[in-house]
Amino acid sequence: MNAPQQLILNVDDTDAARYARTRILTKAGLHVVEAASGAEALAMAHELKPALILLDVKLPDIHGMEVCARLKADPGTSFIMVLQTSASYIGVADKIRALEGGADNYLFEPIEPAELLANVHALLRLAKVENELREIDRRKDEFLAILAHELRNPLVPMRNAVGILNTRAPEAPEWELRARSTISRHLDHMVRLVDDLLDVSRLSHNKLALQLNRISLSDIVQSALEATRTMMERKRQQLRADIADDDLTVVGDEVRLVQVLMNLLHNAVKFTPEGGNIVLSVGRAGDSVFVSVADNGCGISSERLGDIFGMFAQANGLGKDRQDGLGIGLSLAKSLTELHGGTLTAESLGIGLGSAFKVQLPSAPIVITDTATPEPTQNNKGDSSGVVEGVRILVVDDNVDIADTMKELLELLGHTVEVAYSGNEGIRLARKFIPDAIMLDIGLKDMTGHDLARTLRSDELTRDIFLMACSGFSSDEDKQQAYDAGVDDYLVKPVDIDTLAQLQLKRQPARVNPKD
């Protein structure tokens with residue numbers, strides 16, 4: 001018995017030919033619907049999502065090969081199997097053209113019923129498998145998003161607690177300061193692992209959007225060095241930075257390019273022994289700029305060099321030089337570099353002889369138009385001149401530890417804070433307390449943070465309160481949903497005290513909806 005979703009769309013403008021094929025298929029127990037033109041076929045494909053389209057090449061309005069190309073180019077129909085047929089285009093070149101255009105198979109007329117059924121059944125089996133794989137992929141993405149959220153939640157009160165300790169007792173004994181530093185360092189590592197997993201998933205589905213601007217290469221380098229300096233100092237490694245030109249610029253996403261360089265530096269630190277040397281070089285090569293990170297660490301064997309950028313790769317497999325981590329940092333760095341139109345290459349003379357990684361990017365033209373891709377809303381985290389001190393804040397989070405430690409952190413920053421442990425309690429307190437800002441979780445149990453934001457925006461008492469989403473969900477879609485619901489800014493958990501100190505927590509006139 002065929003699955004109900006395995007519908008076949010039979011497309012042919014000749015009534016007799018269409019009828020004959022439908023009769024063959026229905027007699028074999030298959031579910032068939034018909035279309036007599038290319039436009040009708042496209043419309044029905046979007047509406048019905050058939051498993052297979054039996055598509056004649058010669059149609060009255062749109063050539064069948066063009067119909068196939070449009071179906072395969074559209075994410076909403078690209079998964080549909082297409083079996084093209086023709087009585088006019090019967091050469092090998094025609095078949096090649098159809099297959100290269102996206103058809104899953106191509107048959108010449110006249111077609112024997114047995115041959116037609118054999119091809120249809122084969123493609124339906126393939127469609128069933130691909131549908132199952134898409135469902136597995138969807139569940140994987142859903143699982144990763146939930147995993148990231150659930151992993152971030154316990155990290156939040158831990159980071160908040162460290163922030164509270166560092167603020168309340170900065171002059172603690174040396175052993176305690178070391179313990180705090182160890183906790184903070186491993187918290188940061190855990191957050192990076194979660195972020196890397198999600199970024200890999202987004203890249204594989206082309207869901208990672210770049211925020212493009214003209215940026216200084218030296219700024220990227222300095223940010224990456226600042227983020228990795230502590231790691232190098234801990235292993236007493238020596239860093240030499242050779243920056244040939246401070247004025248080199250690229251067009252790119254600063255956060256993502258810093259991430260690329262951080263991953264390369266982390267890799268160098270991990271695979272270089274204590275007291276080793278790391279050299280970072282920046283320069284120009286023709287119309288490109290480059291950044292290279294070289295070390296005198298364990299090196300890479302020649303047989304491993306070819307797949308070092310593969311997913312979950314470790315430099316030397318499971319041997320003595322294997323380091324902690326998921327083995328996705330280099331793969332992620334390469335994908336992000338290529339997303340910027342650049343290349344990432346690796347060199348090594350062999351085991352024990354160090355390695356070098358080189359990022360090459362197109363140099364920014366002297367004069368460019370504004371290529372910046374705007375954020376879904378303005379970024380309210382600015383420099384210290386925009387900080388608002390001593391505001392009234394309501395924290396809404398159903399995780400008691402997160403809510404309570406966030407309250408204490410914000411109070412240490414000079415704010416007056418109330419806490420609600422549910423969405424409904426948040427609505428009640430917002431109307432009573434009338435805060436300047438509300439920091440709300442998205443994954444509340446009694447209502448979503450989106451519902452809470454919409455409710456607050458629809459109430460005259462609370463409609464102008466600054467709304468700050470603070471959530472473990474971190475995709476662009478998650479953020480856009482929150483902005484659409486009415487939030488003013490969006491933070492991804494866990495948030496450190498320095499970020500909290502820089503928040504703009506009062507709604508600016510420019511943020512009011514112009515339709516109001």
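Anything mentioned here points back to the structure above.
In short, a report on the structure. (Residues numbered from 1 in each chain as written. Predicted model: local features only at pLDDT ≥ 70, side-chain atom pairs only at ≥ 80, totals over all residues. Heavy atoms only, no water.)

## Overview of helix 3 (residues 64-73)
Where helix 3 is concerned, the buried positions are G64, M65, V67, C68 and L71. Down the axis of helix 3, the buried side of the element spans an arc of 155°, and every buried residue falls inside it. Along its buried surface, helix 3 packs onto helix 2 (38-48), strand 3 (52-56), strand 4 (81-86), helix 4 (92-100) and strand 5 (105-108). (Buried < 20%, exposed > 50% of the residue type's maximum accessible area, 1.4 Å probe, protein only. Helix = DSSP H or I, 4+ residues; strand = E, 2+ residues; numbered from the N terminus. Arc of directions from axis to C-beta. Contact = heavy atoms within 4.5 Å.)

## Notes on the environment of G327
Position of G327 among the secondary structure elements: in the loop between helix 9 (302-305) and helix 10 (329-339). Assessed through its relative accessible area of 17%, G327 is described here as buried. Distance in space between the C-alpha atoms of G327 and F309 is 9.0 Å, their sequence separation being 18 residues.

## Concerning the sheet that holds strand 17 (residues 489-492)
A sheet is described by the order of its strands in space; here five strands give the open sequence 14-13-15-16-17, paired in parallel fashion. At either margin of the open sheet sits one strand with a lone partner, and together these are strand 14 (416-420) and strand 17. The sheet shows a mean angle of 20° between the axes of neighbouring strands, taken without regard to direction. Two elements, strand 13 (residues 392-396) and strand 15 (residues 437-440), share four bridges in a ladder whose sense is parallel. Looking at the pairing, I393 lines up with A437 of strand 15. Strands strand 13, strand 14 and strand 15 of the sheet are contacted by helix 12 (residues 423-433), whose axis makes an angle of about 170° with strand 13. (Pairing = 2+ DSSP bridges. Axes fitted to C-alpha atoms, helices over the stretch in contact; angles between N-to-C directions.)

## A closer look at the packing of helix 2 against helix 3
In contact at an axis separation of 10 Å, helix 2 and helix 3 are set at 20° when each is read in the N-to-C sense. With respect to each other, helix 2 and helix 3 are oriented roughly parallel. Note on packing geometry: the crossing formed by helix 2 with helix 3 is right-handed. When helix 2 is examined against helix 3, the residues G38, L42 and A45 are found in contact with a partner set consisting of V67, R70 and L71. Of the residues in the contact of helix 2 with helix 3, the class split is four nonpolar, one polar and one charged. (Parallel < 35°, antiparallel > 145°, perpendicular 65-115°, else oblique. Left-handed = near helix turned anticlockwise from the far one by under 90°. Nonpolar A, V, L, I, M, F, W, Y, C, P; charged D, E, K, R; others polar.)

## Details of the packing of aromatic side chains
Inspection of the entire model under this criterion finds two aromatic pairs. Aromatic side chains Y106 and F108 sit 5.6 Å apart centroid to centroid with 80° between the ring planes, which places their arrangement in the edge-to-face category. Judged by centre distance (6.1 Å) and plane angle (80°), the ring pair of F309 and F357 falls under edge-to-face. Taken together, the residues span a long stretch of sequence, with F309 in the loop between helix 9 and helix 10 and F357 in strand 12 (residues 355-362) at a distance of 48 residues. Comparing F309 with F357, the two get one shared label, buried. A cation over an aromatic ring shows up here: K334 above the ring of F309, its NZ or CZ 5.0 Å from the ring centre. A cation sits over an aromatic face here: K358 above F290, 4.7 Å from the ring centre. (Phe/Tyr/Trp six-rings, centres within 6.5 Å; stacked < 30°, edge-to-face > 60°. Lys NZ or Arg CZ within 6 Å of the ring centre and 35° of its normal.)

## Notes on the side chain of D94
With respect to the secondary-structure elements, D94 resides in helix 4. Notably, D94 is buried but unbridged: the nearest opposite-charge side chain belongs to R97, and the N-O separation is 5.2 Å. Residues contacting D94, with those up to four places away along its chain left out, are M65, Y89 and Y106. (Lys, Arg positive; Asp, Glu negative; His and termini not counted. Salt bridge = Lys/Arg side-chain N within 4 Å of Asp/Glu carboxyl O.)

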